[in-house]
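The lines below spell out each chain.
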Amino acid sequence: DVKVTQSSRYLVKRTGEKVFLECVQDMDHENMFWYRQDPGLGLRLIYFSYDVKMKEKGDIPEGYSVSREKKERFSLILESASTNQTSMYLCANLDRAKGTGEGYTFGSGTRLTVV
Amino acid sequence: SQKIEQNSEALNIQEGKTATLTCNYTNYSPAYLQWYRQDPGRGPVFLLLIRENEKEKRKERLKVTFDTTLKQSLFHITASQPADSATYLCALMIYNQGGKLIFGQGTELSVKP
């Protein structure tokens, strides 16, 4: 089974800082996703990628960018952190080669607080 | 507009009873519907997937139904246990959208001994 690792469980950053959230999978899967989760709003898709150097905007991409230089690593970048980006950030991976019998594998999440 | 709705109220049941959670959607034509379990402070964990042409899927004590006419899925946990207490999320995967999932807000289930 794939393992998805997010580099930090908890992170505190200052307003205006550039923030990098890292996500690494230990397989060779194409599809990777970044979501944020907020009370009352559920999980919302920020960006996703279906191959190296490929990226697609999700539903709430404003204020974020992503980088996928290697297949195993998908990074989320907050260009200039703001307090409304305080949230739980979840990275996920999908093995399309297995067909449709499997769901996403999520990382443990990074709880980011912007002060 | 497109919406996915789950029971907003927390569900409290007695150990041994069957828990039934509801997921309704509007204005989507999903290829698949999935259910996830999420414990506090953790990422969701995949439980079951059901395809648009399937009516029912079972896995151990879990059962999912999918009615594309009613645009509804029901998720059942039989012989519930306190360890089943968690938040349960439904999610839709739409055709030709790169495998992205659209999630409901989740229903919190509490199973009392």
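About the thresholds
Residues numbered from 1 in each chain as written. Chains lettered and ligands numbered in written order. Predicted model: local features only at pLDDT ≥ 70, side-chain atom pairs only at ≥ 80, totals over all residues. Heavy atoms only, no water. Helix = DSSP H or I, 4+ residues; strand = E, 2+ residues; numbered from the N terminus. Rg over C-alpha atoms; globule rule 2.2 N^0.38 Å. Buried < 20%, exposed > 50% of the residue type's maximum accessible area, 1.4 Å probe, protein only. Contact = heavy atoms within 4.5 Å. Areas by Shrake-Rupley, 256 points an atom, 1.4 Å probe, with all protein chains shown as cover. Lys, Arg positive; Asp, Glu negative; His and termini not counted. Charge placed at Lys NZ, Arg CZ, Asp CG, Glu CD. Core = buried A, V, L, I, M, F, W, Y, C linked by side-chain atoms within 4.5 Å. Pairing = 2+ DSSP bridges. Axes fitted to C-alpha atoms, helices over the stretch in contact; angles between N-to-C directions.

**Q** Would you mind going over the overall build of chain A with me for this structure?
**A** When helices and strands are counted, chain A shows zero helices and twelve strands. Helices and strands in chain A line up, N terminus first, as β-β-β-β-β-β-β-β-β-β-β-β. Rg of the C-alpha trace for chain A: 14 Å, near the compact-globule value of 13 Å for 115 residues, within the 12% margin. Counting across all 115 residues of chain A, residues that qualify as buried make up 50%. Pairs at least 24 apart in sequence give 54% of the contacts found in chain A among residues at least 6 apart. For chain A, the accessible surface area stands at approximately 5,600 Å², while carbon and sulfur atoms represent 48% of it. Treating the 17 positive side-chain charges of chain A as one cloud and the 16 negative ones as another, the clouds have centres 5 Å apart.

**Q** Mind showing me how you'd approach the nonpolar core here?
**A** The tendency in soluble globular proteins is for nonpolar side chains to be buried side by side. Within the largest apolar cluster, 25 residues are counted, with the highest numbers of intra-cluster contacts made by Ile4(B), Leu33(B), Trp35(B), Phe75(B) and Tyr88(B). Secondary-structure elements contributing two or more residues to this core are strand E3 (19–26), strand E4 (30–38), strand E5 (45–51), strand E7 (62–67), strand E8 (72–77), strand E9 (86–94) and strand E11 (107–112) of chain B. Of the residues forming this core, the biggest block, five residues, is contributed by E9(B). If near-sequence neighbours (up to four positions away) are discounted, Leu33(B) is found in contact with Cys23(B), Tyr25(B), Leu48(B), Leu49(B), Ile50(B), Phe66(B), Ser73(B), Ala91(B) and Leu92(B). Counting 21 residues, the second-largest nonpolar core is a separate cluster that includes Phe33(A), Met88(A), Leu94(A) and Ala91(B).

**Q** Looking at this structure, how should I read the sheet that holds E7(B)?
**A** Residues and elements named next belong to chain B. An order of E1-E3-E8-E7-E6 is seen for the five strands of this open sheet, with the pairing classed as antiparallel. Both edges of this open sheet fall to strand E1 (3–6) and strand E6 (56–59), since each of them pairs with a single strand only. Within the sheet, the average angular offset between the axes of one strand and its neighbour, ignoring direction, is 15°.

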